[in-house]
Amino acid sequence: MRIVVLTGAGISEESGLATFRGAGGLWEGHRVEDVATPEAFELDPETVQRFYDARRRAVASVAPNAAHQALARLEQAIGDDLLVVTQNIDDLHERAGTHHLVHMHGELRRARCLHCGERPWWDGDLVDRPPCPLCGQRMLRPDVVWFGEMPYDLDVIEEAVVACDVFAAVGTSGVVYPAAGYAAMAKAFGARTIELNLWATDAPLPFDEIREGRATVVVPEWVDDIMGSHA
Ligand code: APR
C-alpha cells in the first residue's frame, strides 16, 4: 500500500511553532507578504533575514511531537511506500526519524547562495551577511520558497500522488497551491483521501474521510489503524 502524507504547519503547532493563518492572519506578528515574498527581500533584506533567523532559532529550541513520531513509525513499518511531503520549513519530521521526505517549501536549516546557487546546511544567523561556504560571496538567503517562487521536487511529489493508494493531509489549511490541489489529484487517480485537522477545512472537500482533532491525537490513532489494516 503506497501512502502520501502531506503535512502543514498544524502538525508542528503542538511542538510550539506558530501556524501561518492563526491569530489575525499574522505569522509571528508579520504579514506573510512582508516576509515571504522575493519583493519583500529585495526591499528590506535585513528584516526578512532577521525574521527567518528568529524562526531558525525557535525551531532549534523545540522537539518533534507524537504526530511526527507516529509518521516515523509508519515509515519504519512500510519503508519507502510512505512519502511525507511537508510544506513546513522546520526539521521536526527528520528529527522524529522520517527519511523519505520532501520539503516542498524549502528548509530553514539550509541557506541558498544567490551567487553560486548551492544550498549549504546552515544553522546560524544570516542577517550579518556571512560568506557562502562554497563560493565565498556574501549573498546567502534562507532556502525557503516564497510566494511567487517554484516549490521544490514537484515532479517527485506528483509521481507519488498519482500512484498512491492512500493520501492524507495533516494540519494544513489547503489554501496554498500546488499543495492544496494534491488531495483532489490523488482522489482523481483512485486514492482514498483523508484529512486530519483540528477543524475540517472549507469545501469543496476532496476527502473521503475527515478526522478532527489535535494532530498529536488523531495522527497516532490513524497510523495505528493503517498499521492494523496492513498487518
Ligand atoms: N493539530 C491539527 N491541526 C492543526 C493544529 C493542531 N494542533 N493546529 C492548527 N491546525 C490546523 C489549522 O486548522 C489549519 O488548517 O493546521 C492548519 C494550519 O494552516 P496554515 O497556518 O495555513 O499552514 P499551512 O497549511 O501549512 O500553510 C501552507 O502557506 O504561508 C505559506 O509557505 C507557507 O507552507 C506554508 C503554506
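Structure: see above.
Remember, predicted model here, so these are calculated numbers, not experimental data. (Residues numbered from 1 in each chain as written. Predicted model: local features only at pLDDT ≥ 70, side-chain atom pairs only at ≥ 80, totals over all residues. Heavy atoms only, no water.)

### Quick look at the site of the ligand
Around the ligand there are 21 residues in total, and Phe20, Arg21, Thr172, Ser173 and Asn197 lie nearest to it. For the ligand, an oxygen atom lies 2.8 Å from a polar atom in the backbone of alanine 9. Separating a nitrogen atom of the ligand from a side-chain N or O atom of glutamate 14 is a distance of 3.0 Å. Across the complex, the protein chains shield 92% of the 740 Å² of accessible surface that the ligand would expose by itself. The residue inventory of the shell around the ligand, partitioned by class, reads seven nonpolar, ten polar and four charged. The residues that make up the shell around the ligand include at least three from each of domain 1 (1–16 + 64–105 + 151–231) and domain 2 (18–61 + 106–144). (Near = heavy atom within 4 Å. Polar contact = N/O pair within 3.5 Å; in protein donor to acceptor, adjacent residues only side chain to side chain. Areas by Shrake-Rupley, 256 points an atom, 1.4 Å probe, with all protein chains shown as cover. Nonpolar A, V, L, I, M, F, W, Y, C, P; charged D, E, K, R; others polar. Domains from an automatic or database assignment.)

### Observations regarding the packing of aromatic side chains
In this description, a pair of aromatic rings is defined by centroid distance and the angle of the planes. Overall, the coordinates contain three aromatic pairs when judged by the stated rule. Pairing phenylalanine 41 with tryptophan 146 gives two aromatic rings, centres 5.3 Å apart and planes at 45°, and the pair type is tilted. Residue phenylalanine 41 is found in helix H3 (residues 38–43), and its partner tryptophan 146 is found in the loop between strand E5 (140–144) and helix H7 (154–163); the two are separated by 105 residues along the sequence. Of the two residues, phenylalanine 41 and tryptophan 146, neither departs from the other in class, the shared state being buried. Ring geometry for phenylalanine 51 against tyrosine 52: centres 5.1 Å apart, planes inclined by 90°, an arrangement best described as edge-to-face. Pairwise contacts between aromatic rings join Phe41, Phe51, Tyr52 and Trp146 into one cluster. Against the face of tyrosine 152 rests arginine 119, its NZ or CZ located 4.0 Å from the ring centre. Here arginine 141 stacks its cationic end above the ring of tryptophan 146, 3.8 Å away from the centre of that ring. (Phe/Tyr/Trp six-rings, centres within 6.5 Å; stacked < 30°, edge-to-face > 60°. Helix = DSSP H or I, 4+ residues; strand = E, 2+ residues; numbered from the N terminus. Buried < 20%, exposed > 50% of the residue type's maximum accessible area, 1.4 Å probe, protein only. Lys NZ or Arg CZ within 6 Å of the ring centre and 35° of its normal.)

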